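Residues per chain are reported as follows:
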Amino acid sequence: MRFTLLTSLLALALGAFAQSSAADAYVASESPIAKAGVLANIGPSGSKSSGAKPGVVIASPSTSNPNYLYTWTRDSSLVFKALIDQFTTGEDTSLRNLIDEFTSAEAILQQVPNPSGTVSTGGLGEPKFNIDETAFTDAWGRPQRDGPALRATAIITYANWLLDNQNTTYVTNTLWPIIKLDLDYVTNNWNQSTFDLWEEINSSSFFTTAVQHRALREGATFANRIGQTSVVSGYTTQANNLLCFLQSYWNPNGGYVTANTGGGRSGKDANTVLTSIHTFDPAAGCDAATFQPCSDKALSNLKVYVDAFRSIYSINSGIASNAAVATGRYPEDSYMGGNPWYLTTSAVAEQLYDALIVWNKLGALNVTSTSLPFFQQFSSSVTAGTYSSSSSTFQTLTSAIKTFADGFLAVNAKYTPSNGGLAEQYSRSNGSPLSAVDLTWSYAAALTSFAARSGKTYASWGAAGLTVPSTCSSSGGGGAGTVAVTFNVQATTTFGENIYITGSVAALQNWSPDNALILSAANYPTWSITVNLPASSTIEYKYIRKFNGAVTWESDPNNSITTPSSGTFIQNDTWR
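Residues numbered from 1 in each chain as written. Predicted model: local features only at pLDDT ≥ 70, side-chain atom pairs only at ≥ 80, totals over all residues. Heavy atoms only, no water.

Draft legend 1. How the structure looks around the packing of aromatic side chains. What the rule picks out here adds up to 30 aromatic pairs. Each ring, one from F206 and one from Y249, has its centre 5.4 Å from the other, and the planes form 70°; the classification is edge-to-face. With F206 in helix α6 (residues 206–225) and Y249 in the loop between α7 (232–246) and β5 (250–251), this residue pair connects regions lying 43 residues apart in the sequence. Here the two residues F206 and Y249 agree in accessibility, since each one is buried. Through a chain of ring-to-ring contacts, the aromatic side chains of W359, F374, F375, F378, F404 and F408 assemble into a single cluster. Its guanidinium or amino end placed over the ring of W140, K128 lies 3.4 Å from that ring's centre, counting from NZ or CZ. Taking the ring centre of W575 as reference, the NZ or CZ of R545 above it sits at 4.4 Å. (Phe/Tyr/Trp six-rings, centres within 6.5 Å; stacked < 30°, edge-to-face > 60°. Helix = DSSP H or I, 4+ residues; strand = E, 2+ residues; numbered from the N terminus. Buried < 20%, exposed > 50% of the residue type's maximum accessible area, 1.4 Å probe, protein only. Lys NZ or Arg CZ within 6 Å of the ring centre and 35° of its normal.)

Draft legend 2. Structural context of the pairing of strand β12 (residues 498–503). With respect to burial, β12 is a largely interior element, 5 of its 6 residues being buried. Here 6 bridges tie β12 to strand β16 (residues 538–547), and the two strands are oriented antiparallel to one another. The residue bridging Y500 from the neighbouring strand is I544, located in β16. (Pairing = 2+ DSSP bridges.)

Draft legend 3. Representation of helix α3 (residues 96–110) in the model. Taking 1.5 Å as the rise per residue, α3 with 15 residues should run 21 Å; its terminal C-alpha atoms sit 21 Å apart, in good agreement. Buried residues of α3: L98, I99, F102, T103, A105, E106, L109 and Q110, and no others. Here the buried residues of α3 occupy an arc of 160° about the axis, which is enough to place them on one side. (Expected span 1.5 Å × (residues − 1). Arc of directions from axis to C-beta.)

Draft legend 4. Up close: the pattern of salt bridges. Following the criterion strictly, the structure yields 24 salt bridges and no others. A salt bridge links E199 to R74; its shortest N-O distance comes to 3.8 Å. Here R74 lies in helix α2 (residues 73–88) and E199 lies in the loop between β3 (194–195) and β4 (202–203), a separation of 125 residues in the sequence. Between R329 and D333 there is a salt bridge; the shortest N-O distance is 2.8 Å. Given the relative accessible area of 6%, D333 is considered buried. Ionic contacts of the salt-bridge type, sharing partners, join the residues E200, R265, D269, R329 and D333 into one network. (Salt bridge = Lys/Arg side-chain N within 4 Å of Asp/Glu carboxyl O.)

Draft legend 5. Focus on the packing of helix α12 (residues 392–414) against helix α13 (residues 440–453). Where α12 contacts α13, the two axes come as close as 12 Å, and the packing angle between them is 155°. In this view, α12 runs roughly antiparallel relative to α13, as classed from their interaxial angle. The handedness of the crossing between α12 and α13 comes out as left-handed. Residues K402, D406 and L409 of α12 form the contact with α13, whose participating residues are S449, F450 and R453. Each residue belonging to the contact of α12 with α13 can be placed in one class, and the counts come to 2 nonpolar, 1 polar and 3 charged. (Axes fitted to C-alpha atoms, helices over the stretch in contact; angles between N-to-C directions. Parallel < 35°, antiparallel > 145°, perpendicular 65-115°, else oblique. Left-handed = near helix turned anticlockwise from the far one by under 90°. Contact = heavy atoms within 4.5 Å. Nonpolar A, V, L, I, M, F, W, Y, C, P; charged D, E, K, R; others polar.)

Draft legend 6. Up close: the packing of helix α8 (residues 270–278) against helix α9 (residues 296–307). Axis separation between α8 and α9 bottoms out at 10 Å; the angle between their running directions is 145°. With respect to the hand of their crossing, α8 and α9 are arranged in left-handed fashion. Mapping the contact onto sequence places A270, T272, V273 and S276 in α8 and A298, N301, L302 and Y305 in α9. Looking at the contact of α8 with α9 residue by residue, the class counts come to 5 nonpolar, 3 polar and no charged.

Draft legend 7. Expanded view of the side chain of E540. Tracing the backbone shows E540 in strand β16. There is no salt bridge for the buried E540, and the closest opposite charge comes from K180, which lies 4.7 Å off by N-O distance. In this structure the side chain of E540 is engaged in a polar contact, spanning 2.6 Å, whose partner is the side chain of N558. If near-sequence neighbours (up to four positions away) are discounted, E540 is found in contact with D184, N188, G503, S504, L508, W511, N558, N559 and S560. (Lys, Arg positive; Asp, Glu negative; His and termini not counted. Polar contact = N/O pair within 3.5 Å; in protein donor to acceptor, adjacent residues only side chain to side chain.)

Draft legend 8. Focus on unusual backbone geometry. Geometrically, the link from N65 to P66 is a cis peptide bond, its omega value of 5° lying close to zero. Within the secondary structure, P66 is located in the loop between α1 (2–40) and β1 (71–72). That bond from D556 to P557 is cis: its omega, 0°, falls within 30 degrees of zero. Tracing the sequence through the fold places P557 in the loop between β17 (550–553) and β18 (559–562). At Q166, a position not held by glycine, the phi torsion is positive, near 60°. With respect to the secondary-structure elements, Q166 resides in the loop between α4 (147–164) and α5 (168–189).

Below you can see the structure in the form of structure tokens.
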């Protein structure tokens, strides 16, 4: 019996060493390749991004089966968030010009009219563009409302570094207008349906809700920092509503996060793991309300997600039920045959590394009834409770979880070709690379998982100490209650011409020129109207002229007000 136990322990130790060694080797070999892979896909100088404008990120150089030679707002923002983190922490100080080109490119793309609308009528929700900064006009799953939030988060990270280095003017004059457009879009549209990050289901999506929440939290803090205090109340109100709504995705019976409110699938989806790593706040501990990586809900969800792939891929057969496997987007996936993805498999590792960082920082880990099945994978006798870092249980669990995390990198390493190139997917049956070659997001995901493995963390975004509101409001652009807002605009007109108003909330007809509200000319040339609008909200609007069936909009940018929490408000404007 003693010999059998020693043999088992030795086998476990050898297995852990093998996983760690494989991960070590992969990090060492793949890190420079992944970094070069990212840079090669950024215009104008990237070796695989010919034709891309400066700062434009191509998703992949693949032009057929599939054609990914486009720039997605989501992918670009996630990629540049990783690069901005490297730059602002001093890891790579050579990236500043590239980052400036990215912010300039995004400012241009914000203004490009597209099938989702113009900058003032919903165009910020357009998911992708041609790499020459023109609109993509074919049919697509649009809008996708995560892009503006992710872009705001990336640029705020850079802007905060610039402020720390006394570059206030550039931040205020150049970056803030870009950031504000995106944050206002989130404020006014978060409660509207959206296609998910896989561009397939039009409903509400956990990833989108979570990154929108993050963006508004750090947006409010950033606005305060640069003295743009008028927007703070509206951003905070909607952040609270988003945090409240975020809780509704949790499935307590299944012990996992249901990724989308629609779609008819199980809801087990990499969407949820990507959420934990892209809303990781090292200052927030294991907070469950924001689904931090080490929270009981996020860990329970991770186990359910990973287990969903154990039996459906041939390359996972014969692997122990508590060891790492290849994972994909969701178990029902049929795109390209439904395969593992490099970025989803590395996301599992990254969530676990993030959790280890926080447990070591806290000097303890907590096992709850919710997370118990996760921890029992590594110690069948563990029970609910708090285990300090000096305890043998803490050491046993964290050591096993580190090995588990390394195993996911080892799986990717096994199916990474000898040249280190990372495609989008690899075959569920034999592990050969599939779909788009040199996927920028695959390379960026490798880099962020490697950084987490080394213990790196980046700036907090304000997740610590948040309280979920006792009641939720689903009113985008508005908190509880309304205030009477009087709009006065100076406008000269010809006989038969009238002035109307429309804007970003239902009370202003949601940017509909056909249903716009007519103003009174009783005090001409001042045109007036009083409308009940949501209190404590940032609202965008424009006046329009109608004459003989023709509609003329005011020039850009949108007008914007932040309504008070109560009472009345008067806004005086001049037609432009």
